[in-house]
Structure formats: C-alpha cells, structure tokens
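Below are the chains, spelled out letter by letter.
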Amino acid sequence: MAAKIALNKTALKQSRDKLGMYKRYLPSLDLKRQQLMLELQKARAEKESYMQKIDNQLTQAEDWIGLLANTDIQVNGLVKVTGIDESEQNLLGVTLPLYLDTHFSVESYSMLATPYWVDALIKTLKEVAILRAKAAISAKRTAILEEAVRKITQRVNLFEKRLIPETNSDIRKIKIFLDDSDRASVIRAKFAKKKTLSRIGSGA
C-alpha cells in the first residue's frame, strides 16, 4: 500500500527533488547495465571459443591418439594439473575471476624408449587442460555477470516503471490540490470583498 503523501508546497518540492535525482541517476545506471551486458556477451563468446578450440585439438589428435590402445607405454598420469592461478578483476563494481596460468607435473620418461607421438600427446594434454581452465573461468565470469545484469536490470525497471511514474503522479496530485486550493482562496476572497462592499453600500 502506497504511503499517503502530504498535499502541500513542502511535499511538492521534495517530490520534485526526488524526481530530479531519479532522472539524473537513471542514465548512468542504464549505461552500466548496457556495459555489463556487453561484457556478458564477451564472456559467453569466450567460453564457446574455448570449447570449440578443445574440440579442434581433440579432432586434430584423432589420427595418432588411436595408437594409445596399441602400445605398452603407460600414459595414464603422464601429465597432471597441479594448480591453476587466478586473479580478480573489478569491472564496473563487479568482481570477476581472471585466468593467469596453469601448472603441470609431467612424469619423466625415456625419449629414446618411447614413441615419437608421446611428445605430441603431452603437448595436446597441456593445451586442452589450459583451454578447459580458461573455459571454466569464463563460465564463472558468465554466471557472475548474468547475476549482475539481472540485479541492475531490476534497479533500472524500479526507476523506470515505479519510482519515476509514482513521483510524477504525486507531483500531479499535489499540484492539482494546490491549484484547487488557490482557486478556492481566490473565490473566497472575491466573496468576502463583495460582501464587504455590499455592507459598505448598505451602510451596515
């Protein structure tokens, strides 16, 4: 239930001041929303790009990856991810994760006693792991930006669809009341003047 507004000049000034503040704040809020939406699109595109690169890497490796089934070489655990370095980025007041680096441990192996493709396997495993780490961070950025866009869109809608229309309505109501009061005062003054003149004319 909307709060009852005072119908006086003080309330009119307060409502006009509020309306001015809302109208000054809304453009910067809407601009921030648009900028966040652009960043969200970029994060989504980056994630899709990384996933596509992973598919490409695996497709390129298909020619020799089948050799893994036909060898006595133990490749399980050959390459392990030991850590992923992240940083933080403050973007328009939103804290986002930022990919820095991926660390690996590679089991030692004899270069003379292992097939030529083991080097290619290690390289591919590293590249795929890096792409997956980047894709995971892009997914985090996407989720955070989606929430930020949702919240700021709610605020923009609050200003556009509620606060500004309600304040405009309050101003109209107060102005109508004050205008009616002014007219009533003028009419009363005229009647009082006419009554006074009538008394003077009659010698009362």
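Reading the values: rules and limits
- Residues numbered from 1 in each chain as written.
- Predicted model: local features only at pLDDT ≥ 70, side-chain atom pairs only at ≥ 80, totals over all residues.
- Heavy atoms only, no water.
- Helix = DSSP H or I, 4+ residues; strand = E, 2+ residues; numbered from the N terminus.
- Buried < 20%, exposed > 50% of the residue type's maximum accessible area, 1.4 Å probe, protein only.
- Contact = heavy atoms within 4.5 Å.
- Core = buried A, V, L, I, M, F, W, Y, C linked by side-chain atoms within 4.5 Å.

## Observations regarding the overall build of the protein chain
So, step 1. Within the protein chain, the regular secondary structure consists of 3 helices and 2 strands.
So, step 2. Helices (α) and strands (β) of the protein chain occur, in sequence order from the N terminus, as α-α-β-β-α.
So, step 3. By residue count, 27% of the 204 residues in the protein chain fall in the buried class.
So, step 4. Sequence separation of 24 or more characterises 79% of the internal contacts of the protein chain that already satisfy a separation of 6 or more.

## Let's talk about the nonpolar core
It is characteristic of soluble globular proteins that their nonpolar side chains tend to be buried jointly.
So, step 1. With 23 residues, the main nonpolar core has Leu36, Leu145 and Phe159 as its most contacted residues.
So, step 2. Among the secondary structure elements, those contributing two or more residues to this core are α1 (9-60), β2 (94-106) and α3 (117-202).
So, step 3. It is α3 that provides the largest number of residues to this core, a total of 11 residues.
So, step 4. Beyond its immediate chain neighbours, meaning those up to four positions away, Phe159 contacts Tyr22, Tyr25, Leu26, Leu29, Ile164 and Pro165.

## Things to note about unusual backbone geometry
So, step 1. Phi is positive for Leu92, close to 55 degrees, though the residue is something other than glycine.
So, step 2. Tracing the chain through its elements places Leu92 in the loop between β1 (79-91) and β2.

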